[in-house]
Amino acid sequence: MTAPDSHAAQTMRTPLARVRYLGASHSGTSDFWRQRVTAVAMVLLIIPVIVVVMMLLGRNQAGAAQILGSLPIAIIMLLFIVASAWHMKIGMQVVIEDYIHSEKLKLASIMANNFFTIVVALASIYAILKLSSGV
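What you see is a predicted model; the values in this text were computed from it and never measured.

Chemist: Can you walk me through the packing of helix α4 (residues 61-68) against helix α6 (residues 103-133) in this structure?
Modeler: Helix packing for two helices is described by the angle between their axes and how far apart those axes are. Where α4 meets α6, the axes come as close as 7 Å, and the angle between the chain directions of the two elements is 95°. In terms of orientation, α4 lies roughly perpendicular with respect to α6. Between α4 and α6, the contacting residues are Gln61, Ala65 and Leu68 on the first element and Ile128, Leu131 and Ser132 on the second. Along the lines of polarity and charge, the residues of the contact of α4 with α6 split into four nonpolar, two polar and no charged.

Written out as structure tokens, the structure is:
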């Protein structure tokens, strides 16, 4: 008796067994959990962020710098920026992978998504650090 060929062995697996831990983009499970973790982080941080934003209403730059100069407030804002930028990147990447079928356009869109997310996150982080340092 000969050993079964690999194709026959693969067809013996259930559909769930064939796709477990390996989605269409080869990273579906990890992206799913990363997006859930960032969503939970944003839910936990949204109340303090809303409070900080309300404290900033009607303030000039000196007042904003004074409020953001507090280390706990700056850390809360930075954590929220990082979590929301990462969440945004993953969400847009999933949309791009699902709805753009041209491989070249998909690659360009994913690269643009990564670049845009990094620029937005770095600009936001720079603004918070600059305001919190009082410069």
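Chemist: I'm lost on the environment of Ile128 in this one. Help?
Modeler: Among the secondary structure elements, Ile128 is positioned in helix α6. The spacing of Ile128 and Ile73 is 55 residues in sequence and 9.8 Å in space, taken between C-alpha atoms. Discounting residues that sit within four places of it in the chain, Ile128 has contacts with Leu68, Ala74, Met77, Leu78 and Ile81.

Chemist: Explanation requested: the packing of aromatic side chains in the structure shown.
Modeler: Here a ring pair, both rings aromatic, is described through the centre-centre distance and the interplanar angle of the planes. Considering all chains together, one arrives at one aromatic pair under this definition. Relative to Trp33, the ring of Phe32 has its centre 5.3 Å away and its plane inclined at 85°; by these criteria the two rings are edge-to-face. By relative accessible area, Phe32 is classed as partly exposed at 38%.

Chemist: Looking at this structure, I do not really get the pattern of salt bridges. What am I missing?
Modeler: Opposite charge on two side chains permits pairing when their charged atoms draw close. According to the stated counting rule, one finds two salt bridges in the structure shown. The shortest N-O distance in the salt bridge between Arg34 and Asp31 comes to 3.7 Å. Of this pair, Arg34 and Asp31 both sit in helix α3 (residues 28-56), separated by three residues, roughly a single helical turn. Lys106 is paired through a salt bridge with Glu103; the nearest N and O atoms lie 3.7 Å apart. A residue pair is termed a helical-turn pair when its members lie 3 or 4 positions apart in one helix, as Lys106 and Glu103 do in helix α6 at three residues.

Thresholds applied
- For every chain, the first residue of the written sequence is number 1, and numbering continues from 1 onward in sequence order.
- Only residues with pLDDT of at least 70 are given local features in this predicted model, and only at 80 or more are side-chain atom pairs given and counted; all residues enter the totals for whole chains, interfaces and linings.
- Calculated side-chain values reflect all of the structure's heavy atoms, with hydrogen atoms and water omitted.
- In this analysis, axes come from line fits to C-alpha atoms, helices being fitted only over the stretch in contact, and the angle between any two N-to-C directions falls in the range 0 to 180 degrees.
- Here a strand is any run of E in DSSP of at least two residues, a helix any run of H or I of at least four, and the numbering for each starts at the N terminus.
- Roughly parallel covers angles under 35 degrees, roughly antiparallel covers those over 145, roughly perpendicular covers 65 to 115, and oblique covers all other angles.
- Any two residues whose heavy atoms approach within 4.5 Å are treated as being in contact.
- Polar here means any residue outside two lists: the nonpolar Ala, Val, Leu, Ile, Met, Phe, Trp, Tyr, Cys and Pro, and the charged Asp, Glu, Lys and Arg; Gly therefore counts as polar.
- For Phe, Tyr and Trp, rings pair up if their centres lie within 6.5 Å, where Trp contributes its six-membered ring, and each pair is then called stacked (planes under 30 degrees apart), edge-to-face (over 60) or tilted (otherwise).
- Only protein chains enter the accessibility calculation, which uses a 1.4 Å probe; a residue is then buried when its area is under 20% of its type maximum, exposed when over 50%, and partly exposed in between.
- Here, a salt bridge means any side-chain nitrogen of Lys or Arg that lies within 4 Å of a carboxyl oxygen of Asp or Glu.

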